[in-house]
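# Analysis of the macromolecular model
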Amino acid sequence: MTTGLKSSKVYYGWVVVLITFVTLLVSAGIRSMPSILMLPFEKEFGWSRGGISSVISMGIFLYGLVGPFSAAFLQKFGIRRVMVASLAVLAGSLLITPYMTALWQFELLWGLVAGLSTGMMANVLGVTVTNQWFVKRKGLVVGLLTASAATGQLLFLPMLAQVTVTVGWRYAIYTSVAALLVLMVIVAIWMRNSPYEVGAAPYGTEELVKPVVFQGNLFLTPLLALRSALKNKTFWLLAGTFFFCGFSTNGLIGTHLIPACGDYGIPEVMAAGLLALMGLFDLVGTTLSGWLSDRYDNRKLLFMYYGLRGLSLLFLPFALNASPTVLMIFTVFYGLDWIATVPPTVKLASLEFGKEKSGMIFGWIVVAHQIGASAAAYGAGVMRDWLGSYTVPFVAAGFVCLFAALMAIRISQSTGTAKSALSN
């Protein structure tokens, strides 16, 4: 155990949360980069919008698919070791990217390698850290770590878009690699796997608890957890709503808002700024959502979030064709619940499946999210090639969000209102 860490007056779990926040922030910023690379790649390589979208679609899918297995790896090998390895692999794939010349190479580097490595540093990482370090304030911490994904866009996209426009996309890649290398050092030195390593109890308790040793096969155990979850109605409702969540966020808006703005003559840097502004409002909205999830019926929170998002997306085609003020109104309302759905979904999964299984089960729920995102990323690109606009994908996403709101209310009343140690 580390004496210096133990003697600190600040609970070390908050240091771990900060490091995790920054890691998720950087990972999400890099994961969203293809949206600003789409137009430069069209010009330089002559690749179609649909072809580039297929790479993004594959990356999004693998980003989600690795989640349940990430939960097992984090338990087996420790959070710090998995984070360092994932950052190293991601940095390596980025370093090779400037030398690619064919679409299949982009598919390999960003669809496969970057998809898997960023997937190891996704929402499941935040849930695992929260479960290890916190008994109280879980909803708030999950909300804060989830919001870091939006903050990644806030900090990275406008800067990387400006670098891309000014000196070229390759220098945007090099900037990202530099950020990853700095982060690797921070994680290696200061990250800790559990409170036990610093001689502390989980936040909200006084009992020093030794972490449970992972039992089972790294690949088989998540599959067994899925088999068990498939028999549960709440799992299907959470996975279904999360499918529509992914369909309407990173798969659609995160991937296609910048090129959609380009169709209306809105400059790339300005469009990236809109995504960044969404990130700013989502930082507030998702953190607040985490606080609310500790106090109110999470089913009703999901109903409200999906309903608001659906109405925002139905409004988007009009906003793109109207004044900048109208588009700004969309940005604010959509941004407030970009991923505010995550804390209530995590809370409902934790209440239904328990602490030990919730990480893997939520990982499978995220798989549904990324399947939806993958479908939207590819489908919207293809429909843009066919129809010449994004109006149909945007309107379709609005209606599926309204349907997701109705699904959320169907979750069992006992699950939605259960009181447990997870509550504040």
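Residues numbered from 1 in each chain as written. Predicted model: local features only at pLDDT ≥ 70, side-chain atom pairs only at ≥ 80, totals over all residues. Heavy atoms only, no water.

## Examining the overall build of the protein
Scanning the protein from terminus to terminus reveals 20 helices and zero strands. Relative to the 2.2 N^0.38 estimate, which gives 22 Å for 424 residues, the radius of gyration of the protein is 20 Å and therefore close to what a compact globule would have. Oriented by its inertia axes, the alpha-carbon framework of the protein measures out at about 60 × 45 × 40 Å. For the protein, with 424 residues in total, the buried portion stands at 59%. (Helix = DSSP H or I, 4+ residues; strand = E, 2+ residues; numbered from the N terminus. Rg over C-alpha atoms; globule rule 2.2 N^0.38 Å. Buried < 20%, exposed > 50% of the residue type's maximum accessible area, 1.4 Å probe, protein only.)

## Looking at the environment of Cys261
With respect to the helices and strands, the residue Cys261 is situated in helix H13 (residues 253–263). Taking the C-alpha atoms as reference points, Cys261 and Val326, separated by 65 residues in sequence, lie 13 Å from one another. Dropping the residues within four chain positions of it, Cys261 is found in contact with Ile266, Ala271, Leu274 and Leu320. (Contact = heavy atoms within 4.5 Å.)

## Some details on the packing of helix H12 (residues 233–248) against helix H15 (residues 298–320)
Put simply, H12 and H15 touch, their axes get as near as 12 Å, and they point 35 degrees apart. Our pair here, H12 against H15, has a crossing hand that is left-handed. In this structure, H12 contributes Thr241, Phe242, Cys245 and Ser248 to the contact, and H15 contributes Tyr306, Arg309 and Leu313. Considering only residue class, the contact of H12 with H15 consists of four nonpolar, two polar and one charged. (Axes fitted to C-alpha atoms, helices over the stretch in contact; angles between N-to-C directions. Left-handed = near helix turned anticlockwise from the far one by under 90°. Nonpolar A, V, L, I, M, F, W, Y, C, P; charged D, E, K, R; others polar.)

## A word on the state of the cysteines
By the definition in use, this model includes zero disulfides. No disulfide involves Cys245; its nearest neighbouring cysteine sulfur is the one of Cys401, lying 7.6 Å away. A disulfide-free cysteine, Cys261 has its sulfur positioned 18 Å from the sulfur of Cys401, the nearest such atom. (Disulfide = S-S within 2.5 Å.)

## Remarks on a nonpolar patch on the surface
Taken together, the side chains of Leu95, Ile96, Tyr99, Val167, Tyr171 and Tyr174 make up a nonpolar region of the molecular surface, amounting to roughly 650 Å² of accessible area. The set of elements that each furnish at least two residues to the nonpolar patch consists of helix H6 (79–96) and helix H10 (169–190). Structurally, Tyr171 can be placed in helix H10. (Patch = residues over 30% accessible without salt bridge, like charges linked within 9 Å, V, L, I, M, F, W, Y side chains within 5 Å. Areas by Shrake-Rupley, 256 points an atom, 1.4 Å probe, with all protein chains shown as cover. Salt bridge = Lys/Arg side-chain N within 4 Å of Asp/Glu carboxyl O.)

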